[in-house]
Amino acid sequence: MDLGLGPHHRHTAGTDYPRTAPRPLNVGDPVTFETGQFTGRTIRVELSELQKAESGRKYAKVDRRPLDPPPAVHLRLFEIVPSQDQDRSWEEKEMLNVLNVGLMCTVDLFPVPESVYEPGSPSSLSPGSSHSVGTRNLDQRPSQHQNLPMTYFPLHPYMSLDSSGSHSPTPPFQIPRRQLMLAHVNPYDLPNDVVYRIGNHYVTESSKLTPALVGEKFTEPTLVDLEGTKALVFVFGDLAVRREGVFILRYRAFDLCSGVPGNPHAPVLAELYGGPFKVYSTREFPGLDPSTDLTKSLAKYGVRVTLRDAERKSKRRSKE
């Protein structure tokens, strides 16, 4: 069955990695590099969200407040090597000594329904809380959502319909003033650009609102001590959103200094959809919690983040 997911859906690699001729790469595929620090080696890259944003105040030029706590993502690299096990041809060996030169992570912004947001909830990596869309788990819906209709945002902020009924670019980009309207969808008749699923909601590529992000949308990894082990972590300490609502971030990792045969541009080595967070109006903003232990730890390694020893409640809400 052709699901029409396109080249950007999240891909889960298998365990057998035969050496074949260059072919188009899916996100998450092991990559054999021909230049750079990984020359001649086959590498698989993995991202995991260590810390998601919980809330933010709508961006304003005179009052810019970044998302809090700052999103942080762990980067792991695995080399595909011959296996000592007779039942397997290849195995993965984690690489612990990696130069961070050229490694980069970018973020995209997607709106999601407010129903998926729970203050203080863990990252979307928690078992059963969210699913990427793929042929293996398309029908594995969490039981708590079985009786709810599937939804998606049908409006495309970048495109409009022309006279023939097809999508055409409409520059410049205009950030919608109102929350996009949800639509119900037949789970077996998906929109052709579904990239992810969270709860009973399908996230589509065409609902992307990345231009509503303000601040550093890409960053290099920082080498930190994570539970006694050296780790490369991407930290987004300067991100704000121009509109209210509930959102998730998509993280994508690249290596700009290493080349791949048959690919003139740096391929997406890994992709991850993070947990939901809420952006409030200035009037409704509830305030800020004390900095997390992870945020305090990252600051010790020179990462630019905002630190707070105590909770800061909104003055407006305190008066009420």
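- Looking up the chain in an unreviewed UniProt entry gives the name Velvet domain-containing protein, with the organism given as Gymnopilus dilepis.
- The UniProt entry for the chain carries the following comment under Subcellular location (unreviewed entry): "Nucleus".

**Regarding the environment of Val 98**
- Tracing the sequence through the fold places Val 98 in the loop between strand 5 (90-95) and strand 6 (103-112).
- Along the backbone, Val 98 and Leu 232 are 134 residues apart, and their C-alpha atoms lie at a distance of 8.6 Å.
- If sequence neighbours within four positions are ignored, Val 98 has contacts with Gln 37, Phe 38, Leu 77, Leu 103 and Leu 232.

**Looking at the packing of aromatic side chains**
- Per the stated rule, a full pass over the model turns up six aromatic pairs.
- For the pair Phe 247 and Phe 277, a centre-to-centre distance of 6.2 Å together with 35° between the ring planes defines the contact as tilted. Of the two residues, Phe 247 is situated in strand 19 (residues 245-255) and Phe 277 in strand 21 (residues 277-280); the sequence distance between them amounts to 30 residues.
- Exposure remark for Phe 277: the relative accessible area of 1% places this residue in the buried category.

**Examining the pattern of salt bridges**
- Within this structure, the stated rule accounts for eleven salt bridges.
- Here Glu 79 and Arg 41 are joined by a salt bridge, their closest N and O atoms 2.9 Å apart. With Glu 79 in strand 4 (residues 72-82) and Arg 41 in the loop between strand 1 (31-32) and strand 2 (42-51), this pair connects stretches of sequence that are 38 residues apart.
- Residue class for Glu 79 comes out buried when judged on its relative accessible area of 17%.
- When the shortest N-O distance is used, the salt bridge between Lys 278 and Glu 114 registers 2.5 Å. With a gap of 164 residues between them, Lys 278 in strand 21 and Glu 114 in the loop between strand 6 and strand 7 (131-132) connect regions that are remote in the sequence.
- The exposure class of Lys 278 is buried, given its relative accessible area of 18%.
- In this structure, a network of salt bridges that share partners links the residues Arg 44, Glu 46, Arg 76, Glu 92 and Glu 94.

**Focus on the side chain of Glu 49**
- Tracing the backbone through its elements, the reader meets Glu 49 in strand 2.
- With no salt bridge to any partner, buried Glu 49 finds its closest opposite charge in Lys 52, at an N-O distance of 6.9 Å.
- A polar contact of 2.7 Å, which involves the side chain of Glu 49, links it to the side chain of Tyr 251.
- Engagement of the side chain of Glu 49 in a polar contact is seen with the backbone nitrogen of Gly 275, the distance being 2.9 Å.

Scoring rules and cut-offs
Residues numbered from 1 in each chain as written. Predicted model: local features only at pLDDT ≥ 70, side-chain atom pairs only at ≥ 80, totals over all residues. Heavy atoms only, no water. UniProt positions renumbered as here; feature names shortened; annotations may be inferred. Helix = DSSP H or I, 4+ residues; strand = E, 2+ residues; numbered from the N terminus. Contact = heavy atoms within 4.5 Å. Phe/Tyr/Trp six-rings, centres within 6.5 Å; stacked < 30°, edge-to-face > 60°. Buried < 20%, exposed > 50% of the residue type's maximum accessible area, 1.4 Å probe, protein only. Salt bridge = Lys/Arg side-chain N within 4 Å of Asp/Glu carboxyl O. Lys, Arg positive; Asp, Glu negative; His and termini not counted. Polar contact = N/O pair within 3.5 Å; in protein donor to acceptor, adjacent residues only side chain to side chain.

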